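Coordinate analysis (summary)
Residues per chain are reported as follows:
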Amino acid sequence: MTPAHAELRQFPVLDDCLQLGGITLPRLAERVGGTPFYAYEREHIQSRVALLRSTLPPALHLHYAIKANPMPALVQMMGLLVDGFDVASGGELKTALDAGMPPSRISFAGPGKSNAELRGAIAAGALLHLESEQEMERAARIGELLGLTPRVAVRVNPEFELKYAGMKMAGGAQQFGVDAERVPAMLRKMAALGLDFHGFHLFCGAQNLSARAIGESQRLCVQLALRLAGYAPSPLRVLNIGGGFGVPYFPGERALDLAAVGEGLHELMRKLAAESPQTRLVLELGRYLVAEAGVYVCRVLERKLSHGQVFVITDGGMHHHLAASGNFGQVIRKNYPVAIGNRMQAGPREVATVVGPLCTPLDKLADSMELARVEPGDFVVVFQSGAYGMTASPTAFLSHPLPLEVLV
Ligand SMILES: *Cc1c(COP(=O)(O)O)cnc(C)c1O
């Protein structure tokens, strides 16, 4: 169990120690070779994907967005569970190919793709999600040079935006995608450029916990795509409607009602099958697949008192876990769920602030939080840390070593 709110997954505890993948924390730390480290549980990822498979329409294609967690062992494991990968850089494309994903099941989105990245993606045969008319022209030129026909989809910036998203990525002025009103003209041009058109990609936003808002945006995405398909040089084969499924991080947040999202998608698939039977519907998820499977673990170096306040000083911090420090896009700093991993239930408790070794007051893993009273050597565990952890953090800041990562 965790002391945080009821919406979070509960972990088994043995001898007052948290267990991960059936191993108690002190033993796991020994096995990993020290702290700080990230640990991701295979079993949890597998059951998460199984839950999605049993709740969502069987014909829906499930993709994993590698940027959420690009650890090679995790990506390799994920490759056996999902139908494709979404990548957003040449580096992620390499990770996807190394994991054995067939190039035809890899899609490459993101603004500002370099010519080298376009060349790599076209040569491999991945699906390019074009983010602008200029990118389309560059892709066509590179395809010509390589003697290959690039497989492309158009990322559309729709008129509508996703309500209740933690991070909005569509609607109004955006660096992402092509404004919906410009797509017909772009598609007319595409016909003359010798590109292999597959379909559309719409990604409205991330970290959404409202099934109703997700359902509404998915309906609007399909409607818009079917309208735009009328201008396309060939039938709509792929429609990637993004994802944006959120996970609860903070007290008061409710977990996403997946059953409700599933109902909406069943209805949408029926509509799509009737109106555009050759279209494959794709959902791309990042954090929803991995966030809850992961924890970040560091060790207490000192318990320090200053003006009556308790500071727990650890060997980990913001340089490994920017999101938990509150500096990864949060407007108001809130505490991630945190616990002392070897004092899960017993012993005295106190209010403490958990900090790292960086010379900046931003380096906080928990601010004035009720925790078990610590001693040096204890384990601080940050939950909900399987996504946007190490690779979303300023790991070079202050030249500390990288955290370790394990899949257990
Ligand atoms: C970041 C991103 C995702 C993954 O977002 P999550 O919130 O982790 O699910 C999916 N698709 C695109 C295009 C993205 O940029």
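What counts as what
- Residues numbered from 1 in each chain as written.
- Predicted model: local features only at pLDDT ≥ 70, side-chain atom pairs only at ≥ 80, totals over all residues.
- Heavy atoms only, no water.
- Core = buried A, V, L, I, M, F, W, Y, C linked by side-chain atoms within 4.5 Å.
- Buried < 20%, exposed > 50% of the residue type's maximum accessible area, 1.4 Å probe, protein only.
- Helix = DSSP H or I, 4+ residues; strand = E, 2+ residues; numbered from the N terminus.
- Domains from an automatic or database assignment.
- Contact = heavy atoms within 4.5 Å.
- Salt bridge = Lys/Arg side-chain N within 4 Å of Asp/Glu carboxyl O.
- Polar contact = N/O pair within 3.5 Å; in protein donor to acceptor, adjacent residues only side chain to side chain.
- Pairing = 2+ DSSP bridges.

Core analysis: the largest hydrophobic core is formed by 109 residues, its most contacted members being Tyr64, Met78, Phe85, Val154, Phe200 and Phe245. At eight residues, the largest contribution of residues to this core is made by helix H8 (residues 211–229). Two domains each donate at least three residues to this core, and these are domain 1 (3–40 + 292–407) and domain 2 (109–285). Setting aside residues up to four positions removed in sequence, phenylalanine 245 forms contacts with Leu52, Asn208, Ile214, Gln218, Leu256, Leu258, Val261, Leu283, Leu285, Arg287 and Tyr288. Counting 17 residues, the second-largest nonpolar core is a separate cluster that includes Leu18, Leu20, Ala29 and Val32.

One widely used convention gives an interface's size as the accessible area the parts lose upon coming together. Here the domain parsing of the chain yields domain 1 (3–40 + 292–407) and domain 2 (109–285). Computed from C-alpha coordinates alone, the two centres of domain 1 and domain 2 are separated by 36 Å. Linking domain 1 with domain 2 are one salt bridge, by the criterion used here. Between arginine 254 and glutamate 7 there is a salt bridge, with the nearest N and O atoms lying 3.3 Å from each other. At the junction of domain 1 with domain 2, the criterion picks out three residue pairs in polar contact (both at pLDDT 80 or more).

So, about the pairing of strand S19 (residues 349–355). Burial runs high along S19: five of the seven residues are buried. Pairing between strand S17 (residues 309–314) and S19: four bridges, direction parallel. In the sheet register, isoleucine 313 faces S19, and the bridge partner there is valine 355. Here S19 pairs with strand S20 (residues 364–372) via six bridges, running antiparallel. Looking across to S20, one finds that valine 351 is bridged to glutamate 370.

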